[in-house]
Amino acid sequence: MAAAGTAVVFVHGMFLHAASWTSWVELFRAAGHDPVNPGWPGEPSTVALARQEPDRVAGIGIDDVVTHYAQIIRALGRRPVVIGHSTGALVAQRLLDQGLAAAAVALQPPPIRGVANLAPSSIPVGWPLLRNPANRRRALSLTARQFRYSHGNALTTIESDQLYRQWAIPSPGRPVFELVSANLSRRSPATIDAANPDRGPLFVVAGGRDRSAPAAVVQATVRRYLASSAVTDYQAYPDRGHSMPVDSGWREIADATLVWIRRQLH
């Protein structure tokens, strides 16, 4: 498959609206790709509506998101490259493992099942959401301060707050509980056959200042993929936080992703 004209499906992570990919969509379309940017199941079409109607995503889990994007891909009639961020990066890996993607890019993914996340920086990210078990069935929102800690810590307060106002939306709480308990369940939605030799190429990207998906944890996931003969590439950006795909430095990451896709799919 030639890179030019390849369908590209974008999958956002928790607490960011699908529209946060807009700059990427425009760049990839200009580069000759066919980008598709759907939201999670139940997600309203705009940030404003998503904030007004949070219960539309309440109770949605990772499997629901994977099924949703799998249906979208099947409707395309061709295997796309899937680019996911954060929890969306786990979804991208699941779709690649299932043979639905020609290649996948996992930007700052959470750990897959079998990888321990013992990074102290991630505790303040998840604890406010996990401390109430009822949150599993709810739609949850971050405050601007929580967003700054989990996403915008490598930015100025002004830029972090701007991103929060522009893109932050409520997200289902269930994926947080599923990710934390991934190693306790054989049926965890974070389960991936890392040794699968038949999957397409995978590009995993980490941020050195990421508190939500610490680089050391991302590297541990990459090491599991070394059991496969399929291509697994890794790149880290030492000074970047979890806002990497949407902040003012997004173009550096997007350009590197385009180069990788061209190299893999020509």
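Scroll up to find the structure.
Treat the numbers as computed from the prediction; the structure is a model and nothing was measured.

A. View of the overall build of the protein chain. Helices and strands together make up the secondary structure of the protein chain, namely 10 helices and eight strands. With the C-alpha coordinates of the protein chain rotated into their principal frame, the extents come out at 45 × 40 × 35 Å. Within the protein chain, the 19 negative side-chain charges are centred at a point lying 5 Å from the centre of the 27 positive side-chain charges.

B. How the structure looks around the pattern of salt bridges. Inspection of every chain in the model, using the stated rule, returns nine salt bridges. Of the charged contacts, one joins Glu53 and Arg56 as a salt bridge, the two residues approaching to 2.9 Å between their closest N and O atoms. Residue class for Arg56 comes out partly exposed when judged on its relative accessible area of 44%. Put simply, Asp64 and Arg174 hold a salt bridge, and the shortest N to O gap is 3.6 Å. Here Asp64 is found in helix H3 (residues 62–76), whereas its partner Arg174 is found in helix H8 (residues 174–180), with 110 residues between them in sequence. Judged by relative accessible area, which is 34%, Asp64 ranks as partly exposed.

C. The packing of helix H1 (residues 22–30) against helix H10 (residues 250–265), seen in detail. It is the contact of H1 with H10, at a shortest axis distance of 11 Å, that shows an interaxial angle of 40 degrees. Considered as vectors, H1 and H10 are oriented oblique to each other. Here H1 and H10 pass one another in a crossing that is right-handed. Here H1 contributes Ser23, Trp24, Leu27 and Phe28 to the contact with H10, which in turn contributes Trp250, Arg251, Ile253, Ala254, Asp255, Thr257, Leu258 and Ile261. Counted by class, the contact of H1 with H10 contains eight nonpolar, two polar and two charged residues.

Thresholds applied
Residues numbered from 1 in each chain as written. Predicted model: local features only at pLDDT ≥ 70, side-chain atom pairs only at ≥ 80, totals over all residues. Heavy atoms only, no water. Helix = DSSP H or I, 4+ residues; strand = E, 2+ residues; numbered from the N terminus. Lys, Arg positive; Asp, Glu negative; His and termini not counted. Charge placed at Lys NZ, Arg CZ, Asp CG, Glu CD. Salt bridge = Lys/Arg side-chain N within 4 Å of Asp/Glu carboxyl O. Buried < 20%, exposed > 50% of the residue type's maximum accessible area, 1.4 Å probe, protein only. Axes fitted to C-alpha atoms, helices over the stretch in contact; angles between N-to-C directions. Parallel < 35°, antiparallel > 145°, perpendicular 65-115°, else oblique. Left-handed = near helix turned anticlockwise from the far one by under 90°. Contact = heavy atoms within 4.5 Å. Nonpolar A, V, L, I, M, F, W, Y, C, P; charged D, E, K, R; others polar.

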